[in-house]
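If you want the building blocks of each chain, they are given just below.
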Amino acid sequence: MEQFARHPQNPAVTQLLKTRPAMSSDRISAASLLCFIAAAAPLSAQDGGQLFALNCSACHGADGKGATGGAFPPLAGSPWLAGKPDRAIKIALHGLAGPVKVLGKTYNLEMPPQGAALADDQLAAILTFVRSSWGNKAAAVTPDVVKDIRAATAKRDKHWTAPEILKLHPLDEKPPLTDLVSHVYSGTWSTVPEFSHLKPSATEEERGGLISLRKIGKKKNFGVVWEGNLAIAETGDYDFQLAADDGGWLWIDGKPLVEIKGIGPSTPRAKQGTAALEPGAHKLRVEYFQLKGKKEIHVGWRKSGVNFWQWLSDEEVSGGKTWPEIMLKPEAGRAVIYRNFISKTTPRAIGVGFPGGINLAYSGDDLAPELVWTGNFIDAGHHWTDRGIGNEPPAGKRVVKLTSGPVFPEGATAHGYILDAAGNPTFSTTIGSLRVLDSYHPAPPDSLVRLVKVGGSASSAAVMKLADKATAGGAPGTYQVAGGMEILAPAARLADGALVLPLAPDSSTEIRYIWK
């Protein structure tokens, strides 16, 4: 609902709120495929780029590749936007529900109908923009075409589904692999044989451009080699994934990249490799043998840094996550807060992702920063999709577990936390007459600064544990903890192997956590 709240004065938004079908806020936030359009305040001229930036980029990204690391369907290069505009117009007018596959990845989100909120010229401007941006080269959309399709589908009162809309408007997709040929071999092997020394029993052109075992049928004890061309659009590092039961190889331009050895279990094993590739066609070769158990082969690829796989096989890797990745990260220089279950800390965890890739998980039960890490913050897809339950681990690297259990003496009471203008938290705790204000802010690239201020009676005193286990560092006031971290805390001391901080009234102490 955030998009609507930004423009409460907009009459188009008011109309949308009155006429749209009831649905939960998380279903609205998952609205996808073309754009999540809340009908911005009218512009003097319908500028598709401005309308897209204001209303669509939150879900589909300013670059059209899908926001939050590809959790939403991409528009860049999407065949759903190519050709005649009828398919895109109908989806925008009446919405789309259920599974849909875009550029090799399956999404199961929902786009609410936008017909009540968008005028014909607004919709035409947005579709013209997305159909001619990010490598898309489809023709402009006119308001008259939108008007005609709106009138022709006026009686429709439900979302489209992907099979339904594709039956009316099939995609003109290029196969993932071009010039793909499969060679089938008969034989019994426990490791990948030297196929170049063997004669195939059958060779076939795979016009669908997908690696598949469907044509093998019930055949046992065999091998298959697929050879084809993979088109690369831009220079960069590309990840390749091979999962097979039983074994196999993946080669790029005649060089071995990924190997799966021996006989596999019923669930395929998956391995990855990375290749630096230039634009153009690259030779892909996949070798596979089957001895016993299930017949499975899965091949995927992606540009390094992208959070989803495009599949070159007719089957995606089974098992694993069934929710989209929604990678939370700071925005506009402000820290992001995540209140949910986080692995290796207590149920009342408060996650904080700071700008610069510094993160912590503060336990509301133990009143301490129990986890700190660098890199990515949290993938919220598990908890934010279909009410996922369970703990979510930190999404980054160099995770350090500082403490487990209470860090203050018995009787300590939590009083919540406040955020400053940058989203940095300060936690408040009382211990008798002492009041402790515990603040955090990042010091990129590799340190977290903590400021502990203590107020209260001069007759009171206490200690707070900083780490369960620590050793003295090489310089005075420095301490080493597991995970390659150094704690700079001149006021702290070691006590029975733990690192503790005396809490003197009217004191202020800075602590710095440094990843070495």
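In the block above lies the structure referred to throughout.
Remember, predicted model here, so these are calculated numbers, not experimental data.

Participant: What is the right way to look at the overall build of the protein chain in this model?
Facilitator: When you go through the protein chain residue by residue, the secondary structure sums to 11 helices and 32 strands. Looking at the 516 residues of the protein chain, the share that counts as buried comes to 49%. Here the contacts in the protein chain between residues at least 6 apart in sequence split such that 63% fall between residues at least 24 apart. Accessible surface, the protein chain: about 24,000 Å² in total, of which carbon and sulfur atoms supply 54%.

Participant: It is not clear to me how unusual backbone geometry should be interpreted in this structure. Could you clarify?
Facilitator: Most of the time, phi is negative for any residue but glycine, and the peptide bond is trans. The omega torsion of the bond from Asp 245 to Asp 246 falls at 25 degrees, within 30 degrees of zero and hence cis. Inspection of the secondary structure puts Asp 246 in the loop between β8 (236-245) and β9 (247-252). A cis amide bond links Pro 444 to the next residue, Pro 445, at an omega of 10 degrees. Here Trp 134, not a glycine, exhibits a phi torsion of approximately 55 degrees, which is positive. Its place among the elements puts Trp 134 in the loop between α8 (120-130) and α9 (143-152). For Lys 344, which is not glycine, the phi torsion reads 65 degrees and is therefore positive. Structurally, Lys 344 is set in the loop between β16 (336-339) and β17 (349-354).

Participant: What exactly am I supposed to notice about the sheet that holds strand β7 (residues 222-232) here?
Facilitator: In any sheet, the strands associate via hydrogen bonds between backbone groups, in a parallel or an antiparallel arrangement. Taken in spatial order, the six strands make up an open sheet running β6-β5-β7-β12-β9-β10, and their pairing is antiparallel. Every other strand in the sheet has two partners, leaving β6 (202-205) and β10 (255-260) as the edge strands with one partner each. If you compare each strand with its neighbour and ignore which way they point, the axes differ by 15 degrees on average. As defined by bridge partners, β9 adjoins strand β12 (residues 280-290) across six bridges and the pair is classed as antiparallel. Residue pairing across strands places Ile 252 opposite Leu 284, the latter belonging to β12.

Participant: Can you help me understand the environment of Val 449 in this one?
Facilitator: With respect to the element layout, Val 449 can be found in strand β25 (residues 447-455). According to the relative accessible area criterion, Val 449 is buried, its value standing at 2%. The spacing of Val 449 and Tyr 513 is 64 residues in sequence and 6.5 Å in space, taken between C-alpha atoms. The residues touching Val 449, leaving out its near neighbours within four places in the chain, are Ser 439, Tyr 440, His 441, Ala 443, Glu 510, Ile 511 and Arg 512.

Participant: Hey, could you run me through the sheet that holds strand β28 (residues 478-481) in this one?
Facilitator: Overall, antiparallel pairing links the eight strands, which are arranged β22-β23-β24-β25-β32-β29-β28-β27 in an open sheet. This sheet does not close on itself; its edge strands, each paired only once, are β22 (413-419) and β27 (471-472).

Participant: Looking at this structure, I do not really get the pattern of salt bridges. What am I missing?
Facilitator: A side chain with one charge may pair with a side chain of the opposite charge, provided their charged atoms come close. As enumerated under the stated definition, the model contains 16 salt bridges in all. A salt bridge links Glu 206 to Lys 215; its shortest N-O distance comes to 3.4 Å. Look at Lys 215 and you get exposed, because its relative accessible area is 57%. The salt bridge involving Arg 398 is made with Asp 446; its shortest N-O contact spans 2.6 Å. A residue pair is termed long-range when its members are at least 10 positions apart, and Arg 398 in strand β21 (residues 397-401) and Asp 446 in the loop between β24 (434-443) and β25 qualify at 48 residues.

Rules of the game
Residues numbered from 1 in each chain as written. Predicted model: local features only at pLDDT ≥ 70, side-chain atom pairs only at ≥ 80, totals over all residues. Heavy atoms only, no water. Helix = DSSP H or I, 4+ residues; strand = E, 2+ residues; numbered from the N terminus. Buried < 20%, exposed > 50% of the residue type's maximum accessible area, 1.4 Å probe, protein only. Contact = heavy atoms within 4.5 Å. Areas by Shrake-Rupley, 256 points an atom, 1.4 Å probe, with all protein chains shown as cover. Pairing = 2+ DSSP bridges. Axes fitted to C-alpha atoms, helices over the stretch in contact; angles between N-to-C directions. Salt bridge = Lys/Arg side-chain N within 4 Å of Asp/Glu carboxyl O.

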